[in-house]
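Structure assessment
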Amino acid sequence: MIELNDYLILSGLLFAIGLVGVLRRKNLLMLFFATEVMLNAANIAFAATSHYYNDLSGQMFAFFIIAVAASEVAVGLGLLIVLYKRYGTLDLDNLASMKG
Amino acid sequence: MYEQIAFYLFSVLTIGLFLVTVLTKNVLYSMTSLAAGMVLISGFFFMLGADFLGVVQLIVYVGAIMALYAFAMMFFDVTRDVKEKNTSGALVFLFGGLVALMLVIIFSAPLVGEKIQAVYPMIDGITNPQSVGMVLFTKYLIPFEVAAVMLLVAMIAGIILAGKKMDQSLTTDDDIKVIEDISQEDEK
């Protein structure tokens, strides 16, 4: 039988994959993909807790996470296009203008 | 039995696809595997009885967000491999592994607690979309409206940022030539 534990471990694994992506990638578009992976992992955890505790709040939070992800992608891709028009690259090392 | 088979199959496939997303050098492979992984995640939602959430995942994530990414990728050269200069891969993998271990511990720690009470319990005999609608439009009405305003703001921001000629105020002087080139192309 599949327990809540299994779903939470799966969600943790997916979140770790996304986190490795965020730490490792230098391309802005790839960073966006990695954040999507992390958001999906959180959604799985919310839906699983909602199912196993027989409570609808988890699904509600998952809906709002999806809404936040959609608006983040809209604004982020707009910024990405402006950056690409100005600099011709999406590499974070080249985009860093503040040498700190 | 079937649930276990489906769970492990979906888990292996999702983890593999997301690993491809994170580790590949090609943007096109990355986006395709991300879309496929999201379809499989909606399978998890259907297994968990969250039908409406699964449908929303399919429509919003796979339909809208991936289409948005695909449109944005028309601006870039997607056939070329992404060149990235990683200073120390071993260190990043070490820290990533440590954080992964910490996350697994964090996620499995509260399972010991049994005190969690259902605030909005699911009622028998009512389908999932109906109960979601009832809770969403009574208890979560104000967050719902705020999310609607947030999406409107995001839409306006996306249009203004990505619009071709609307971005003149955002650019500096050395971009004026680019804008002139674009407008000359339009006149042709």
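All figures in this text were calculated on a predicted structure; none of them were measured in a lab. Residue indices follow the written sequence of each chain, beginning from 1 at its first position. The order in which chains are written sets their letters, starting at A; the order in which ligands are written sets their numbers, starting at 1. Note on the predicted model: pLDDT of at least 70 is required for a residue's local features to be given, and 80 or more for side-chain atom pairs to be given and counted; whole-chain, interface and lining totals, by contrast, use all residues.

Let's shift gears to the overall build of chain A. Put simply, DSSP H or I for four residues or longer makes a helix, DSSP E for two residues or longer makes a strand, and each gets a number counted from the N terminus. Looking only at helices and strands, chain A has four helices and zero strands in total. Ordered by position from N to C terminus, the α and β elements of chain A give α-α-α-α. Note that the radius of gyration is over C-alpha atoms, with the globule rule given as 2.2 Å times the number of residues to the power 0.38. The C-alpha atoms of chain A give 17 Å as radius of gyration, which overshoots the globular expectation for 100 residues (13 Å, by more than 25%). Based on the C-alpha atoms only, the size of chain A along its principal axes is roughly 50 × 25 × 20 Å. By the burial criterion, 47% of the 100 residues in chain A qualify as buried. Working definition of a contact: two residues with C-beta atoms, positioned from the backbone, lying within 7 Å. When contacts within chain A are restricted to residue pairs at least 6 apart in sequence, those whose partners lie at least 24 apart make up 44%. Counts of 20 or more other C-beta atoms within 10 Å of a residue's own C-beta define buried residues, counts of 12 or fewer define exposed ones, and intermediate counts define partly exposed ones; C-beta atoms are placed from the backbone.

Let us now look at the overall build of chain B. A count of helical and extended segments in chain B gives seven helices and zero strands. Classification of the 188 residues of chain B by burial places 20% in the buried group. Partitioning the contacts of chain B with sequence separation of at least 6, the portion at a separation of at least 24 is 48%.

It is worth spelling out the interface of chain A and chain B at this point. Every contact between the two is made by 62 residues of chain A and, on the other side, 70 residues of chain B. Those elements that provide at least two residues to the side of chain A that touches chain B are α1 (4-24), α2 (28-52) and α3 (57-87) of chain A. Per-element tally for the side of chain A that touches chain B: the top contributor is α3 of chain A, with 23 residues. All residues other than Ala, Val, Leu, Ile, Met, Phe, Trp, Tyr, Cys, Pro, Asp, Glu, Lys and Arg, Gly among them, are scored as polar; the first ten of these are nonpolar and the last four charged. Of the residues contributing to the side of chain A that touches chain B, the split by class is 40 nonpolar, 13 polar and nine charged.

Counting residues in hydrophobic clusters, the biggest one holds 59 residues, and the most contacted among them are L14, V37, I44 and A47 of chain A. Only α1, α2 and α3 of chain A together with α1 (2-23), α2 (27-47), α3 (51-72) and α6 (141-162) of chain B provide two or more residues apiece to this core. Excluding residues within four positions of it along the chain, L14 of chain A makes contact with V37, N40, A41 and I44 of chain A together with T14, I15 and F18 of chain B. For this analysis, nonpolar core means a set of buried Ala, Val, Leu, Ile, Met, Phe, Trp, Tyr and Cys residues linked through C-beta atoms within 7 Å.

This part is about the packing of α1 of chain A against α2 of chain A. Residues and elements named next belong to chain A. Only the stretch in contact is used when a helix axis is fitted, and all axes are lines through C-alpha atoms; the angle between N-to-C directions ranges over 0 to 180 degrees. Where α1 contacts α2, the two axes come as close as 8 Å, and the packing angle between them is 165 degrees. As judged from the angle between their axes, α1 and α2 are roughly antiparallel. The way α1 lies across α2 gives a crossing that is left-handed. Our angle categories are set so that under 35 degrees counts as roughly parallel, over 145 as roughly antiparallel, 65 to 115 as roughly perpendicular, and the remainder as oblique. Left-handed describes a crossing whose near helix is turned anticlockwise from the far helix through less than a right angle; right-handed describes the clockwise counterpart.

Residue and element names in this part refer to chain B. Running from N to C, α2 and α3 cross one another at 170 degrees; their axes reach a closest spacing of 8 Å. By the criterion of interaxial angle, the relationship of α2 to α3 is roughly antiparallel. Listed contacts from α3 to M31, A35, M38, V39, I41, S42, F45 and F46 of α2 are D51, L53, G54, Q57, L58, Y61, V62, M66, Y69 and A70. Classifying every residue of the contact of α2 with α3 by side-chain character gives 14 nonpolar, three polar and one charged.

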